[in-house]
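As a plain string of letters, each chain reads:
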Amino acid sequence: WSRGSGLRPPCNIRVLAGNGRIGGVKAKLNWTESFDAQQPVARKYNVTAVLDEAAQTRFMVPGASYVGGPMALGLAISESRNRMTRIDAIVGLKDADIVIPGLPWRKEPGAAGVLRLQVETMPGKAPVVRAFDLQTADLKATGTARLDFADRVESVRFDAFRFGATRLTGTVMRQGENGFD
């Protein structure tokens, strides 16, 4: 980490903050580790970075196969004492080119776009997307999703889906390897 990073030891908490590289990607990190067993959260990480396509692949970002170009990423990750991890992500998509197979839609680079996610994971259980909120100029979607152990989408519940004049709510489920119904 660069000069200006600091490890501050107040009581039973340690904080590491600064700028550096994570997997070769420039990032800003704030890491808080609590050694107090009475505190429900054992550790927290706040990370901001911009991931190019190669970094998206290297970090196995779900959905990266639909995205061309960079995405700005803000993550807040907290791990509880019972090992449940909560990930709150804000993904800036302004510079990204996005195409979703089967949907006659494309988000061009330069057009506004942001994705907010809240994901929970537990050892031995598949991740759960507690909430997602995709906002672009002409496509808006909110809801939840269930993933399998390989982080593939099993089902998506849309609380709202707006694309042009189309307004939908409902659930789509994976039907084998070839699509959703």
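Residues numbered from 1 in each chain as written. Predicted model: local features only at pLDDT ≥ 70, side-chain atom pairs only at ≥ 80, totals over all residues. Heavy atoms only, no water.

## Side note on the pattern of salt bridges
Formally: A carboxyl oxygen of Asp or Glu within 4 Å of a side-chain nitrogen of Lys or Arg is what we treat as a salt bridge. For every residue, the accessible area (1.4 Å probe, protein chains only) is compared with the maximum for its type, and the residue is labelled buried under 20%, exposed over 50%, or partly exposed between those bounds.
Counted under the stated rule, the structure contains seven salt bridges. A salt bridge links Arg 86 to Asp 88, with the nearest nitrogen and oxygen atoms 2.9 Å apart. Arg 86 gets classed as partly exposed once you look at its relative accessible area, which sits at 31%. Note on Asp 88: relative accessible area 26%, which makes it partly exposed.

## Some points on the packing of aromatic side chains
Worth spelling out the cut-off: Side-chain rings of Phe, Tyr and Trp, where Trp is taken by its six-membered ring, are said to pair if the distance between their centres is within 6.5 Å; with planes under 30 degrees apart they count as stacked, over 60 as edge-to-face, and otherwise as tilted.
Here the structure, examined in full by the defined rule, presents three aromatic pairs. Note on Phe 158 and Phe 161: the rings are 5.4 Å apart at their centroids and 75 degrees apart in plane angle, and the pair reads as edge-to-face. What makes Phe 161 buried here is its relative accessible area of 13%. Each residue in the set Phe 132, Phe 158 and Phe 161 is aromatic and connected to the rest through ring pairs, giving one cluster.

## Comments concerning unusual backbone geometry
This is how it is decided: Helix and strand definitions here come from DSSP, where helices need a minimum of 4 consecutive H or I residues and strands a minimum of 2 consecutive E residues; each element is numbered from the N-terminal end.
Unusually for a residue other than glycine, Met 60 sits at a positive phi of about 55 degrees. Its location among the elements puts Met 60 in the loop between α1 (53-58) and β5 (67-68). The residue Arg 83 is not glycine, and still its phi comes out positive at about 75 degrees. Locating Arg 83 in the fold gives a position in the loop between β6 (71-80) and β7 (85-92).

## Thoughts on the sheet that holds strand β9 (residues 106-107)
The test is simple: A pair of strands counts as paired when DSSP detects no fewer than two bridges linking them.
Pairing is antiparallel in the open sheet, where three strands are placed in the order β5-β8-β9. Each edge of the open sheet carries a strand with a single partner, namely β5 and β9. Two elements, strand β8 (residues 97-99) and β9, share two bridges in a ladder whose sense is antiparallel. Paired with Ile 98 across the two strands is Lys 107, which belongs to β9.

## Digging into the nonpolar core
Formally: Among the buried residues, those of types Ala, Val, Leu, Ile, Met, Phe, Trp, Tyr and Cys that are joined through side-chain atoms within 4.5 Å form a nonpolar core. For this analysis, residues touch if any pair of their heavy atoms sits within 4.5 Å.
Counting 26 residues, the largest nonpolar core has Leu 51, Met 71, Leu 93, Ile 98, Val 129 and Leu 139 as the members making the most contacts within it. Taken together, the elements giving at least two residues each to this core come down to β3 (25-34), β4 (41-51), β6, β11 (128-136), β12 (139-147) and β13 (153-163). Of the residues forming this core, the biggest block, four residues, is contributed by β12. Dropping the residues within four chain positions of it, Val 129 is found in contact with Leu 117, Gln 118, Val 119, Thr 144, Ala 145 and Leu 147.

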